[in-house]
Amino acid sequence: MHARLEHAPVARSDSTIHTLSWNGIIPASEREKSVARRRYCHEGWLATGNAKGVVGATFTTSHCRKEYKAPPRSNFNLRGHNSEVVLVRWNEPYQKLATCDGNGVIFVWIKYEGRWSIELVNDRGSPVSDFNWSHDGRLALICYRDGFVLVGSVAGQRYWSSMLNLEESNILCGVWTPDNKQVLFGTADGQVIVMDSHGAMVAQCILDDDDEIRSLAWSGEKFHMVNTSDSESEVEESPSTPKNKGQRRRHSQRQAAMRSGHILAVGFGSGDVALMKSYDDMAPVLVRTNMIATKLEWSSCGLFLAVGGTHRHITDPDSVSAVKYYDTSGHLRFTLNIPAQRALTAMTWGHNDKRFFVASGSSLFVAWVEKEVAPLQLLCMEVVGTMIKEEKQVARLPLP
């Protein structure tokens, strides 16, 4: 695996970027079907939420075509929040965007005929700790810090809600299981609370009573956009798809990951990450990241876990943060250092894992990701780029 930052001017916001989320553009005619993500991963929208209460939606591409149908407008600033935006979450199947601010106000935005408008508003008057769409996009899970949890439909109907008795603790995160049949909550006292999709209590497990659980994430795609038979035929029968060994290897790896089951990543306040086969796994894999204030997110293929944070021991003041990529066994595959003096504040995968977006303060970095062995030409370009700072230095390069 290899990742490199784009050699381009760093994009900047007018304030700190707190949250990121990327969404592939799916034609309206395909939204009710089971589609292959790879067909619609080349173009999409990157949502950002900043400290001034502004939600940004920016059109992004991962291809180099000279002729393509770009939207008439490629950047939007969505206003309506009266405090800093702390969460943005795309709903890819329904092409909707949920945003939440520090006061607990939630907006659901929809784009129609080139304009963004607020479709739904939820304001309970309490801070929201997490928000997640179900994997089919039909339901939304809202977690409040005071222990109140709510599940509602994408259309705004409340299905169920519950006030959890946490005894001076708080809910810090929540996540749907891959089959959408259960929801898991992480608390400040190291508990994982499990409830079914109808709101009934299933289990409570203490993972670490001395450390808080800040994040929970299951391996696999955020949204079930791929029909297995469609994806298989696409790989083997599509005339436009190169039938190379690397592509077949990635496909076999994904199928093997699906057969072996999903992995639950648990991010602790200390910066450590536990990889578990289930919420009651008695022998989890513990990953020592040597970072603090960590954030984590699985790639859409379910094979790589990105963990971003601030170095526990800073040796370079110009690069205080990094993103570390681990496989499902907890082995470190690559470390991407972020050239910024501000701590990492947000990150997300995009373009079917070919891009990785990282926010550090008000700066936004874009990384190109190679999930296989990086091409030798790319590695040579990086080495040459670090050795040569001026054109007149080219003559010093040793040629074979």
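Look a little higher up for the structure.
This one's a predicted model, so the numbers in the text were calculated from it and none came from an experiment.

Asker: Even after reading the chapter, I still don't get the pairing of strand β4 (residues 43-50), so can you show me in this structure?
Answerer: Here is the key point about a regular strand: its side chains alternate between the two faces of the sheet. In terms of burial, β4 is largely enclosed, as 8 of its 8 residues are buried. The two faces of β4 match: Glu43, Trp45, Ala47 and Gly49 on one face and Gly44, Leu46, Thr48 and Asn50 on the other face are all buried. In the sheet, β4 pairs with strand β5 (residues 55-61) via 7 bridges, with the strands oriented antiparallel. For Gly49, the partnering residue across the bridge sits in β5 and is Val55. The loop that links β4 with its antiparallel partner β5 comprises 4 residues; one of these, Gly53, has a positive phi angle of about 80 degrees.

Asker: Would you explain the nonpolar core in this entry?
Answerer: What tends to happen in soluble globular proteins is that the nonpolar side chains get buried as a cluster. Residues Val323, Tyr325, Leu336, Trp349, Phe356 and Val358 are the most contacted members of the largest nonpolar core, which totals 21 residues. Of all elements in the fold, only β1 (2-5), β24 (304-311), β25 (321-327), β26 (332-338), β27 (344-350), β28 (355-360) and β29 (363-370) reach the threshold of two or more residues within this core. In contact with Val358, other than residues within four places in its own chain, are Leu20, Val323, Ile338, Leu344, Ala346, Met347, Ser363, Leu364 and Phe365. Val194, Ile213, Val266 and Ala274 belong to the second largest nonpolar core, which has 16 residues in total.

Asker: Just checking my understanding: could you explain the pattern of salt bridges for this structure?
Answerer: Side-chain pairs of opposite charge can arise whenever the charged atoms involved come near each other. The tally for this structure, following the rule as stated, stands at 9 salt bridges. The partner of Lys96 in a salt bridge is Glu119, with the nearest N and O atoms 2.8 Å apart. Taken together, the positions of Lys96 in strand β8 (residues 96-101) and Glu119 in strand β10 (residues 115-123) put the pair 23 residues apart, joining distant regions of the chain. According to the relative accessible area criterion, Glu119 is partly exposed, its value standing at 35%. Across the pair Arg214 and Glu212 runs a salt bridge, and its minimum N-O distance is 2.6 Å. By relative accessible area, Glu212 is classed as partly exposed at 23%.

Rules and cut-offs
- Residues numbered from 1 in each chain as written.
- Predicted model: local features only at pLDDT ≥ 70, side-chain atom pairs only at ≥ 80, totals over all residues.
- Heavy atoms only, no water.
- Buried < 20%, exposed > 50% of the residue type's maximum accessible area, 1.4 Å probe, protein only.
- Helix = DSSP H or I, 4+ residues; strand = E, 2+ residues; numbered from the N terminus.
- Pairing = 2+ DSSP bridges.
- Core = buried A, V, L, I, M, F, W, Y, C linked by side-chain atoms within 4.5 Å.
- Contact = heavy atoms within 4.5 Å.
- Salt bridge = Lys/Arg side-chain N within 4 Å of Asp/Glu carboxyl O.

Purely geometric numbers; function is a separate question.
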